Amino acid sequence: MPTLWGYSISAARSIDYDKNDQSFLRRLAHSCPSSKLCIGCGGCTAACSAGNLTEFNIRQLQMLVKRGETRETAEQLHKCMLCGKCLLVCPRGVDTRKMILSMKRFLREHDQ
Amino acid sequence: MNIVIIGGGPAGSEAAYRLAGEGYTVDLVEKENSIGGNLNNWHQLFPDRKSAAGLVKELQQRLNHPGITLHIDAEAREIAESAPGKFAVKLSNKTVLHGSAVLLATGYKVFDAKRKEEYGYGIYKRVITSAELENLFTNRALATLYGEAPKRIGFIHCVGSRDEKICNYHCSKLCCVTAVKQAIEVREMLPEVEIFCFYMDMRMFGPGYEEMYREAQERYDIKFIRGRLSEAAENIHGQVVVKVEDTLVGKPLRMTLDLMVLMVGMEAADGSGKLAGSVQVPLYPNGFIRPADPHTGTNLTARPGIFTAGSCTSPMNLTDTLTDARSAAWQIKKWLTGSDKHA
Amino acid sequence: MYYDPFVLPFTIGLTALLLFLAVKYIRWIRTFRKSERRKIRKGMFSLKTFRAAGEVFSECLLHRKIYRTNPFLGYMHTCFGLGWFLLIVAGKTESMVYHTSAFNPPYFAIFFRFFHPAKETFPYSETFAFITDLLLLFILSGLFLALAKRFWSRIVGMRKTTKHRPLDLLILTSLWLIFPLRFLAESFTSGLRGGGSFLTNNAGEFFAEFLPLDHLTYPAWWAYSGMLGLFFVLLPFSRYMHIPTEIVYIFLKNWGIRQGTKFNAFSKIQMYACSRCGICIDSCQLNSSLQMDVQPVYFLKKIRHGKEYESLIENCLMCGRCEASCPVGLTHNALRLSKRPDLSRITKNTYSYAKNAAMPAPAKVAYFAGCMGQLTPTVTRSMERILEQAGVSCTYIDKEGGVCCGRPMLLAGNREEAAVMAEKNRAILKASGAEVLVTSCPICLKMFREEYGLQIRIVHHTEYIDELMREGKLKTVPGEQRTVFHNPCELGRGCGVYKAPENILKHVSRKIDTDFDGKKSLCCGGSLANTSIDGRQRNRIAGDAAKAYAAYQPDVLVTACPLCKKTFATASAVPVKDIAEVVAECCRP
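Residues numbered from 1 in each chain as written. Chains lettered and ligands numbered in written order. Predicted model: local features only at pLDDT ≥ 70, side-chain atom pairs only at ≥ 80, totals over all residues. Heavy atoms only, no water.

Chemist: Is there a simple way to explain the packing of aromatic side chains in this structure?
Modeler: The geometry of an aromatic ring pair comes down to the distance between the two centres and the angle between the two planes. Residue and element names in this part refer to chain C. Applying the stated criterion across every chain, the model contains 56 aromatic pairs over all chains. Seen from their ring centres, Trp84 and Phe231 are 6.0 Å apart, and the 45° between their planes marks the pair as tilted. With Trp84 in helix H5 (residues 71-99) and Phe231 in helix H11 (residues 213-234), this pair connects stretches of sequence that are 147 residues apart. Plain terms: the ring middles of Phe207 and Phe210 are 6.4 Å apart, the flat faces sit at 70° to each other, and that makes the pair edge-to-face. (Phe/Tyr/Trp six-rings, centres within 6.5 Å; stacked < 30°, edge-to-face > 60°. Helix = DSSP H or I, 4+ residues; strand = E, 2+ residues; numbered from the N terminus.)

Right, dumping it as structure tokens:
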């Protein structure tokens, strides 16, 4: 068996894509296809009404979901006020509100 | 045989000079009162910092050729095929030019920054465009622009490019390197100023460009923040307060700038669509002219006898524009000598 | 006693229908909340009942609103509604005059010509015969139009009409056959025994020439009665349920019952009251710009027949154009919203960060730009200039970033979270001590007015500017620009603000009247209520709307909403400005 040299990164610090649950990211891509268009420019986070008042980074949260990391999103998503300002600044036309609503819905289903 | 070239910018001028050298007569049409096009608004060129005015002069001198007739202050309105292989170009001054081939060298237009209302151009005093900054360089007016020299300047990349909100999906290619070049020029004029570039991606595609980027960081102490501006505001002192996310840190960032420079992108010139439309030459969705084939059919269009050169087909730097013009001259010659006419 | 077995199908059908309806309506109304039932009891014995009766007459019989939208369609509906109603009234009166008693069985009036011997005259018998024949002709003309519409829907000015299920087709056929059969039965009787008037009498004589009327007359009456019975029995299962339900709805509405946040029995009454006329299809821009079949008529039909309708819940701009044109006056926005699930997760921490918002300086007037307003600095700048010019001391409560009004959250269905946001903003507003709240965002305006329960004046900037101009506090010079006004959905149809922007624009520009003034204004497509369509689709709606306005060749397309402005900015060839900008340009000290 070949040895993987230098792959013992601290589990708490790394994204283990192989082990992560990918159902959430697949459903996000399905229910909000435009979410795939994100190029991570951060315009949404800069504009964000919630992010103006508290620690809330919508760009990072959706990126984490896309890597199968859902814990932080579950903890943070409820901060969004759904005001739609991000929708107006996104240069890629990501339907940010739809993306957030989809994530909200999954999290709720997950709770139950 | 006569050729009509529409557009007296670098592409049109270069092509005119090359075609005249091959023994053709050329009518060169320019809507402004002098040749040079957008190049007239530039101070220095990248990557070698050559003077733009110098290059314009060089292009102009080459036009002093007996085979070239210059029509300035004349806008081409319509092209019609009067007989097979014979084209008539109607000008705004009622003149009609006839040619066996027409070369479209209509170039580009600079994005109107007012369309990004949230950036405050035309509303806040200290927001200018990259084109205006070139002008300040030429006039040596930057240091005294607001009474005193600015202490912090920000360059905002991708204004009018890669933005579906203003229906421009394309990358204007040159703004990244222009920002780096302008940042360096600013540093040379104002050694104390703090300079930031706000970018989405650094697209340093040309020879020497990436090196310039390195140099900007190393020698000129220019700082780069990866984040797109969401909006700008004006504070009580008239300074511009920007909001971006510093995406590499993952935190929203606010910064007060004494001067904000918007790197305005390139859009298809209004004339391109009108003229191409009059001879049924198709356009890309963003308004630039579509070549016959993106690999083997550049300079050619869907309409035999109608050619293109320069940035009327896509954003292009000066090096590529001049190369493209020479290539167009060769394509036209090939067409007129008949080797391609009945193919 | 006048009786013949052929009246049985009609009598049984009618009885079954009335019983069914009584049971259904009573069961629905019994699920209403106590407060609503109290409203009904109070309303029943008040002037509201008369108003409702008036509305029933004008909408269910005359079909006034359909007439206004589409005269052709209106005439068709009037033929059936009013024609049939008058035929029943005339028939009943005739039978009462003949019988000299009001208490004759219902079938007697309906089948009067069968029971009434033609040779026998009674007061005004000829007049009655003439009237009933005239009404029958009126109805038959409507029937002809209905047939024409079914086959060539375009000629009556409708681009689209709803599709039918087999059961719908059956009942449609039975309805359409009722009056031709009545015509035949009465004509045959007339041909055999005389009587009738210009229509049935002449037709009878004509038929008698080549038809064995002895054998056909009695079966014709059976067929007529049978068809009526069939129609009555099928009615509750078809769209014609709208005929009785619309009447119930109009009364309930006038007594003060409103669509609540949940899809309940009243929603069902609204659902059954939809006549599927299809007017909402033509008014909807998701149809005209994107060819989508998502309009209320489809939405309600799918819910009623248990079809998949989930995809339609989100796909609505809630612009209110359908509501404004609905002849029944159904509250389509509230209905659609009632189906959006509330996914709120409320804890004590929900939006607790709102306390980080900067507290405003106290002032009599508070200005709220709204989230979108922060992306349109021209609007906020113009407002600052106008307020300064008018000498109003004002506190800009969300200048340093604020809490969202909550309406976008509410429109997504999440009422509870929206309520928390409202709570936070109320605290901020209270701290400002303001007596007037001015906002330039109609979305915020609607939220503040309807959900905040504030005891202060809440006005849109158009209303406030209009007021300042009228009071002479704001002086302007007349402008020369030719303008058209795009009234934002939430401002016009949403909050009923029509006059203020009109007044302002007439003062500071040369306003061009358009077909889209008032309630008919278009939607820009940017609506936050729709989370189904994407950016390109929004752009198409905006482009079509901008083109419609551009046809009036204005210098400027004026709106009064930051979201509309941003949406149009990408799609309009004509420059787009907020009304505040136009006013600020014309201010004079």
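Chemist: For this particular structure, what's the right way to read the packing of helix H24 (residues 461-470) of chain C against helix H26 (residues 499-508) of chain C?
Modeler: Packed helices, taken two at a time, are described by their axes: the angle between them and the distance between them. Residue and element names in this part refer to chain C. The contact between H24 and H26 brings their axes to 8 Å, and the two run at 55°. Taken together, the axes of H24 and H26 are oblique relative to one another. By crossing handedness, the relation of H24 to H26 is classed as left-handed. Residue-level inspection shows Thr462, Glu463, Ile465, Asp466, Met469 and Arg470 of H24 in contact with H26, the latter providing Ala500, Pro501, Asn503, Ile504, His507 and Val508. Of the residues assigned to the contact of H24 with H26, the class counts are six nonpolar, three polar and three charged. (Axes fitted to C-alpha atoms, helices over the stretch in contact; angles between N-to-C directions. Parallel < 35°, antiparallel > 145°, perpendicular 65-115°, else oblique. Left-handed = near helix turned anticlockwise from the far one by under 90°. Contact = heavy atoms within 4.5 Å. Nonpolar A, V, L, I, M, F, W, Y, C, P; charged D, E, K, R; others polar.)

Chemist: Looking at this model, I keep getting lost on the nonpolar core. Mind explaining?
Modeler: Burial of nonpolar side chains together is a common tendency in soluble globular proteins. All names here are of chain C. One finds Ile386, Tyr464, Ile465, Leu474 and Phe568 to be the most contacted residues of the largest nonpolar core, which totals 120 residues. Setting aside residues no more than four positions away along its own chain, Leu474 makes contact with Ile386, Gln389, Ala390, Ile465, Leu468, Met469, Val583 and Cys587. Among the nonpolar cores identified, the runner-up in size contains 102 residues, and Tyr240, Ile250, Phe266 and Cys274 belong to it. (Core = buried A, V, L, I, M, F, W, Y, C linked by side-chain atoms within 4.5 Å. Buried < 20%, exposed > 50% of the residue type's maximum accessible area, 1.4 Å probe, protein only.)

Chemist: What is the right way to read the interface of chain B and chain C from this model?
Modeler: Quoted interface sizes are often the accessible area lost when the parts come together. On the chain C side, the residues contacting the 12 residues of chain B number 13 residues. Of the roughly 1100 Å² buried where chain B meets chain C, counting both sides, 45% is carbon and sulfur surface. When the buried area of chain B at its contact with chain C is split by residue, Glu117(B), Glu118(B) and Ile123(B) rank highest and sum to 42% of it. Along the contact surface separating chain B from chain C lie three salt bridges. Note that Glu118(B) and Lys566(C) form a salt bridge whose closest N and O atoms lie 2.3 Å from each other. At the boundary of chain B with chain C, the tally comes to four residue pairs in polar contact (both at pLDDT 80 or more). Here the residues of the side of chain B that touches chain C sort into five nonpolar, one polar and six charged. (Buried area = accessible area lost by both parts, 1.4 Å probe. Salt bridge = Lys/Arg side-chain N within 4 Å of Asp/Glu carboxyl O. Polar contact = N/O pair within 3.5 Å; in protein donor to acceptor, adjacent residues only side chain to side chain.)

Chemist: Would you mind showing me how to read the sheet that holds strand S6 (residues 482-486) of chain C here?
Modeler: Hydrogen bonding along the main chain pairs the strands of a sheet, whether they run parallel or antiparallel. Residue and element names in this part refer to chain C. In space, the four strands of this open sheet follow the order S7-S6-S8-S9, with parallel pairing throughout. Pairing within the sheet leaves two strands with one partner each, and these edge strands are strand S7 (510-511) and strand S9 (576-578). Relative to strand S8 (residues 556-559), S6 runs parallel, the two sharing four bridges. Note on S8: the bridge partner recorded for His486 is Thr559. (Pairing = 2+ DSSP bridges.)

Chemist: Would you mind going over the pairing of strand S15 (residues 251-257) of chain B with me for this structure?
Modeler: Regular strands show a simple pattern: their side chains alternate between the two faces of the sheet. Residue and element names in this part refer to chain B. Note: strand S14 (residues 240-246) against S15, seven bridges, orientation antiparallel. Pairing of Val241 across the sheet is with Thr256, part of S15. Taken together, S14 and the strand that follows it, S15, pair antiparallel across an intervening segment of four residues, in which Gly250 is found at a positive phi of about 85°.

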